[in-house]
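Reading the structure
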Amino acid sequence: MSVRAQQFVADVVRRERVSPHLVRLTLGGPGLAGFASTGVPDEWVGLVVPGQFQSRYYTVRSFDGAELVLDVVVHAVGLVTEWALGGAGDPVGQQVTITEPKGSFDVPEDAGWLLLVGDLTALPAMARIAEAHVGRLPVHVHAEAADLPEELAAYLPDGVEVSWTAPGEDGGSRLAEIVEGLAWPDGPGYFWMAGESAQMRAIRKHLMRERKMPSTHYDVMGYWRAVKERQPRAVDPGPIWRAGKAAGKSDEQIWADYDEARAKAE
């Protein structure tokens, strides 16, 4: 039997634009009591925003024991984008649900360098990883972003070697091509990467077959999946969530209603 992750209800206390495609949300309030960081620098949480029922996952940019900071990539459309940009009113003062954090970053003891590669969705994790290790290990970041380097210049810490690249002309990711052309540092190290899922699959194959890296020395994660256009859902969770809350139902009861509706739609 699966166990649902512990959840916390947090207040949105601030919102600011970090770059054209990054919005910073600062969460706080008494609902965060009991929330604790794992200490793993790529830790992430599930986020459910008002009017939605499905969670989306975001890296914890920082947590000081009272306030939790998430940097959200915004697109033309999206479950969180429309809300974060104020499509349903100013998010500040609204409440969101987050899950307990989980992370996977794990540098082996013999690592002599860190190589971090990712697109804009991975930038918060790469920044936090770099902050935790700069000065201890050489850190090189390869970042793919539509935002200009000068718009993100202060995002990564000093002492990190950074290479910026833009997505392909069609807006698609070119991270697999970039990794295949990398000049790798000498000796054992640790490679961390996150981005579009198809790109990540190609990179895993490259690391295993060409680089022959042991699995303990890399972590490659698909953060999102590219599609030509937003895919309609067979059942929209939003109305079910709102109706359930209005009826005073528990989250478990609302989940059951949603599962039943999906089963009928299949």
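Treat the numbers as computed from the prediction; the structure is a model and nothing was measured. Going along each chain's sequence as written, the residues are numbered from 1 onward. Per-residue local features of the predicted model are confined to residues with pLDDT of at least 70, and side-chain atom pairs are confined, for both listing and counting, to 80 or more; whole-chain, interface and lining totals are unaffected and use all residues. Side-chain descriptors were evaluated using all non-hydrogen atoms of the structure, hydrogens and water having been removed beforehand.

**Some details on the sheet that holds strand β7 (residues 114–119)**
Our working definition: Two strands form a pair only when DSSP identifies at least two bridges running between them. Labels follow the DSSP assignment, with helices taken as runs of H or I lasting at least four residues and strands as runs of E lasting at least two, numbered in each case from the N terminus. Axis definition: a line fitted to C-alpha atoms, over the contacting stretch in the case of helices. Angles run 0 to 180 degrees between N-to-C directions. Whether two residues are in contact is decided by their heavy atoms: any pair within 4.5 Å suffices.
With respect to topology, five strands assemble into an open sheet ordered β9-β8-β7-β10-β11, the strand pairing being parallel. Whereas interior strands pair on both sides, the edge strands pair on one side only; in this sheet they are β9 (161–165) and β11 (218–224). Going from strand to strand, the sheet's axes swing by 10° on average, the running direction of each strand aside. Against the sheet, helix α2 (residues 123–133) contacts β7, β8 (139–144), β9, β10 (190–196) and β11, and its axis sits at roughly 160° relative to β7. The strands touched by helix α4 (residues 197–211) within the sheet are β10 and β11, with β11 carrying the most contacts at an inclination of about 165°.

**A word on α4**
Defined as follows: One less than the residue count of a helix, multiplied by 1.5 Å, gives the span that helix is expected to have. Counting of polar contacts relies on pairs of N or O atoms within 3.5 Å, with two restrictions inside protein: one atom must be capable of donating a hydrogen and the other of accepting it, and residues adjacent in sequence are counted only when both atoms are side-chain atoms.
End to end, α4 covers 20 Å across 15 residues, agreeing with the expected 21 Å (1.5 Å per residue, within 8%). Where α4 is buried, its residues meet α3 (175–180), β10 and β11. For α4, the N-terminal capping position is held by Glu196, with its side-chain oxygen 3.0 Å away from the main-chain nitrogen of Ala198.

**Quick word on the pairing of strand β1 (residues 7–19)**
Pairing of β1 with strand β6 (residues 95–99) involves five bridges; the strand directions are antiparallel. Bridge pairing in β6 links Ala10 to Val96. Here β1 runs beside strand β2 (residues 22–28); their pairing, made up of seven bridges, is antiparallel. Residue pairing for β2: Arg17 is matched across the bridge by Val23. Here β1 folds back onto β2, and the loop between the two strands holds two residues.

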